Amino acid sequence: MTLYAEVAVEAARGIARESYTYLVPDGMDVVPGHRVTVPFGQRSSYGFVVSMGTDDPGVETKPIATAGSEPLLLPHQVALARLVADHYWLPLIECIRAMLPPRVRGTGSAGSGVSTRQRRHSRLLELVTGLAEPSEEVTLTDEQRAALEVIAANPVTLLHGVIASGKTEVYLAAAERALGAGLRVLLLVPEISLTPQLVQRVRSRLNAPVALLQSQLTELERAQQWWRVRRGEAHVVLGSRSAVFAPIPRLGLICLDEEGSATYKQERTPRYETGWVARRLASVTGARLVMGSATPSVATYHQAAGGEVALAELRRRVRGHDAEVELVDMRDEAAEGNRQPLSSRLVEAVTRTLDNEEQTILYLNRRGLATYVMCRDCGRSVQCLGCSVALVQHAEIEGLVCHYCGYARQMPSVCDHCGSRNIRALGMGTQRLEGMVRKLWPQARVLRLDSDAARGPDSYFQIWETFNEHRADILVGTQLVTRGLDVPTVTCVGVVDADLPLHFPDYRSAENTFSLVAQVAGRAGRDGRQSRVIVQTSNPEHYSLQCAAKGDYEGFYEAELPARKAFVFPPFADLAVLTRTDREDARAAASAREAAESIASGLLKDGIDGIRVMGPSPAFIHRLRGEYRWQVTLKGDGLERARHLSPRGRGWSYDIDPVS
């Protein structure tokens, strides 16, 4: 009997076709998930078998040239790749690529054996493989035990618990049950910076081998950890966004910590949202899914409130107490003559904390020294040559940098537009805040945690370790400091500019503001010491800040939902953003206009209702890396019904379920 294989071919990534049919030579043993080498045009390429069959395709087929000794992908991963490709309007090969580390994908075997040339081992991996300190026996509270029973009885559960209510203990108790039944566990976190503490807790609580999958590992280490998972040597897999694609056999439990975090959205192709993929992973494997957060997304909480997913709640802290949160109106500070970015209340609170030999976290979600450089005479800012954004001043290069394309230049001495010498750096980023903190409190030991400070190998680990061991008094950082940090001696938290997320053109701006303030406020008061959180704002009356100050998620949800419903945003509709990029602005705009008209007429012709076509409009960052961007937005239900109407070809990209 002649056997045929459908193969997703690497060399066909830019082609819309999903797969190609090849003949399986006699004696070759392949199954879906196998990496194979196939002829493709005038050359050969590797690809992955996605299905098998005996039906004659009716066209001449070429034979598969070679096949790996074992399939790289598990059966459920092939099924998952199809679901992801369909939902996110992607070629199947792009989803398969996301499931494999680069070295494994390219060779099929890298990292599978011992390397004699490996010289560096990441500190986190040393923590994973080293001796674990035994933990004290944990007794769950009544709320935690009730939550555990809800998880055991339902395929998908939202674990909504106030900060410090012991959500991680519930994850670990559920993991112990799964491991006891001979199943595997996947623990997902949104930020790499959360991983060190979670590694320690997992290693001390679960008597099982652990694998780590995250982007801070070297490529060889990622391949080695991937093979440990694929071979079933690791019973617990811990990682960030991409770990949702790990090849875990006998998967029984998935824990998605801090559900709703924007960092769970992959911004490069394939643009997937980790929570959505985790749900499909649970459905194709039969694993139970737990999504936990003190600040879940409005869309997920709406599903839980409506009974679409189970809801387990933890309303009481298991230790410590809520810090006192104070909203400081910076307009009053200015009226009293304080033009500095730090209010007198925040300065007073930090000083008291230092006097008590306790620790402080200062949060500002902007990197660099200054957020822009402007001419005081003509009002123009210094812009990137290839992106429609202002350059940001950075100390490490003694110049200006674009955060989108990396373009850099020296600080100008005169204005490029009018020739004036009245050039000033304005705004403040974490570098400038760090410098200001060092001047205000010269005796303090100061650390900074942002993507600039944590670029090198093991940087996240080293910064976390230093602060956790109280070898630093003040930690200045971006959103990397808002979640997961559990340091008992942090008794003061300052939010330097709480209004920044509110100014973004994003339907989730209020949600992001509430989440960030509530989460960073939760870093204080972890062990019961008297703690204070100072939130600086020019909009103290905004409901997101009022609710965050009170830790009132339900109040925020009730205030936010009417606006979502009135303007038909999630959870009341789905969104898809189709972006056209081109070196010429007019050509990009014309192409986007044609696409919008074509989609609208196609929906009408096919009788598809419930989908609205909006635009075209210029993207928020209109010019990026030298190309202009115009967008067409689809809003409604069942957007996959419009996929066949979407524009094809070079210059088009799709973002399904965008987070901004």
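Attention in this report is confined to the structure presented alongside it. (Residues numbered from 1 in each chain as written. Predicted model: local features only at pLDDT ≥ 70, side-chain atom pairs only at ≥ 80, totals over all residues. Heavy atoms only, no water.)

### Brief notes about the overall build of the protein chain
When its secondary structure is counted, the protein chain shows 18 helices and 27 strands. At 26 Å, the protein chain has a C-alpha radius of gyration in line with the 26 Å of a compact globule built from 660 residues. Taken over the C-alpha atoms alone, the protein chain extends approximately 85 × 65 × 55 Å along its principal axes. When each of the 660 residues of the protein chain is scored for burial, the buried share is 55%. About 28,800 Å² of surface is accessible on the protein chain, with carbon and sulfur atoms providing 48% of the total. Separation of charge centres in the protein chain, based on 77 positive and 77 negative side chains, amounts to 5 Å. (Helix = DSSP H or I, 4+ residues; strand = E, 2+ residues; numbered from the N terminus. Rg over C-alpha atoms; globule rule 2.2 N^0.38 Å. Buried < 20%, exposed > 50% of the residue type's maximum accessible area, 1.4 Å probe, protein only. Areas by Shrake-Rupley, 256 points an atom, 1.4 Å probe, with all protein chains shown as cover. Lys, Arg positive; Asp, Glu negative; His and termini not counted. Charge placed at Lys NZ, Arg CZ, Asp CG, Glu CD.)

### Details of the side chain of Ser509
Following the sequence through the fold, Ser509 ends up in helix H15 (residues 509-521). Residues contacting Ser509, with those up to four places away along its chain left out, are Pro501, Leu502 and Phe504. (Contact = heavy atoms within 4.5 Å.)

### What about the sheet that holds strand E10 (residues 251-257)?
A sheet is described by the order of its strands in space; here seven strands give the open sequence E8-E9-E7-E10-E11-E6-E12, paired in parallel fashion. In the strand order of this sheet, the two ends are held by strand E8 (210-213) and strand E12 (310-314), each with one partner. Taken over all neighbouring pairs, the strand axes of this sheet differ in orientation by 20° on average, direction set aside. The pairing of strand E6 (residues 156-161) with strand E11 (residues 288-293) spans five bridges and is parallel. Its bridge partner lying in E11, Val156 is registered against Leu289. The sheet contacts of helix H6 (residues 167-180) involve E6, strand E7 (184-188), strand E9 (236-239), E10, E11 and E12, and relative to E10 the element is tilted by about 170°. The strands that helix H8 (residues 219-230) touches are E8 and E9; relative to E8, the one it contacts most, it runs at about 135°. (Pairing = 2+ DSSP bridges. Axes fitted to C-alpha atoms, helices over the stretch in contact; angles between N-to-C directions.)

### Quick look at the nonpolar core
Judged by nonpolar contacts, the single largest core of 147 residues is most densely connected at Ile96, Leu186, Ile254, Ile361, Leu475 and Leu634. Among residues more than four places away in sequence, those in contact with Leu186 are Val237, Ala243, Val244, Ile248, Leu251, Leu253, Ile254, Cys255 and Leu281. Of all hydrophobic cores here, the second largest spans 21 residues; its members include Leu354, Ile474, Val476 and Ile534. (Core = buried A, V, L, I, M, F, W, Y, C linked by side-chain atoms within 4.5 Å.)

### Describing empty space enclosed by the protein
The tally for this structure, following the rule as stated, stands at four cavities of 30 Å³ or more. Of the voids in this model, the largest cavity is the one considered here, and its volume is about 90 Å³. If you go around the largest cavity, the residues you meet are Ser122, Leu124, Ile192, Pro196, Gln214, Gln216, Leu217, Asp458, Ser459, Tyr460 and Phe461. For the lining of the largest cavity, the element with the highest residue contribution is helix H14 (residues 459-468), accounting for three residues. For the lining of the largest cavity, the class distribution of residues is six nonpolar, four polar and one charged. A volume near 50 Å³ is recorded for the second largest cavity. Per-element accounting of the lining of the second largest cavity gives the leading share, three residues, to H15. Residues belonging to the lining of the second largest cavity are distributed by class as follows: seven nonpolar, two polar and one charged. (1 Å grid on protein atoms, 1.4 Å probe; cavity = no way out; pocket = protein on both sides within 12 Å on 5 of 7 lines; lining within 4 Å. Points joined across faces, edges and corners; volume = space filled by probe spheres on them. Nonpolar A, V, L, I, M, F, W, Y, C, P; charged D, E, K, R; others polar.)

### Remarks on the sheet that holds strand E21 (residues 474-477)
Read from one edge to the other, the open sheet built from six strands follows the order E13-E23-E22-E14-E21-E20, with strand pairing classed as parallel. What marks the edges here is a single partner per strand, and that holds for strand E13 (324-329) and strand E20 (446-449). Looking at each pair of strands side by side, their axes are set apart by 15° on average, direction ignored. Across six bridges, E13 lies against strand E23 (residues 532-537) in parallel orientation. Residue pairing in the sheet places Glu326 in a bridge with Ile534 of E23.

### Considerations on the packing of helix H1 (residues 75-87) against helix H9 (residues 274-285)
Relative to each other, H1 and H9 sit at 140°, their axes nearing to 10 Å. Judged on the interaxial angle alone, H9 and H1 are oblique. Read as a crossing pair, H1 and H9 show a hand that is right-handed. Between H1, through His76, Ala79, Leu80, Leu83, Val84 and His87, and H9, the contact on the second element is made entirely by Trp276, Val277, Arg280, Leu281, Val284 and Thr285. Of the residues assigned to the contact of H1 with H9, the class counts are eight nonpolar, three polar and one charged. (Parallel < 35°, antiparallel > 145°, perpendicular 65-115°, else oblique. Left-handed = near helix turned anticlockwise from the far one by under 90°.)

### Observations concerning the packing of aromatic side chains
Taken as a whole and judged by the stated rule, the model has 15 aromatic pairs. Between the aromatic rings of Tyr507 and Phe569, the centroid separation amounts to 5.0 Å while the plane-to-plane angle is 5°, which identifies the pairing as stacked. Here Phe569 lies in the loop between helix H17 (553-566) and strand E24 (574-582) and Tyr507 lies in the loop between strand E22 (490-495) and H15, a separation of 62 residues in the sequence. On the basis of relative accessibility, which here comes to 18%, the residue Tyr507 falls in the buried class. (Phe/Tyr/Trp six-rings, centres within 6.5 Å; stacked < 30°, edge-to-face > 60°.)

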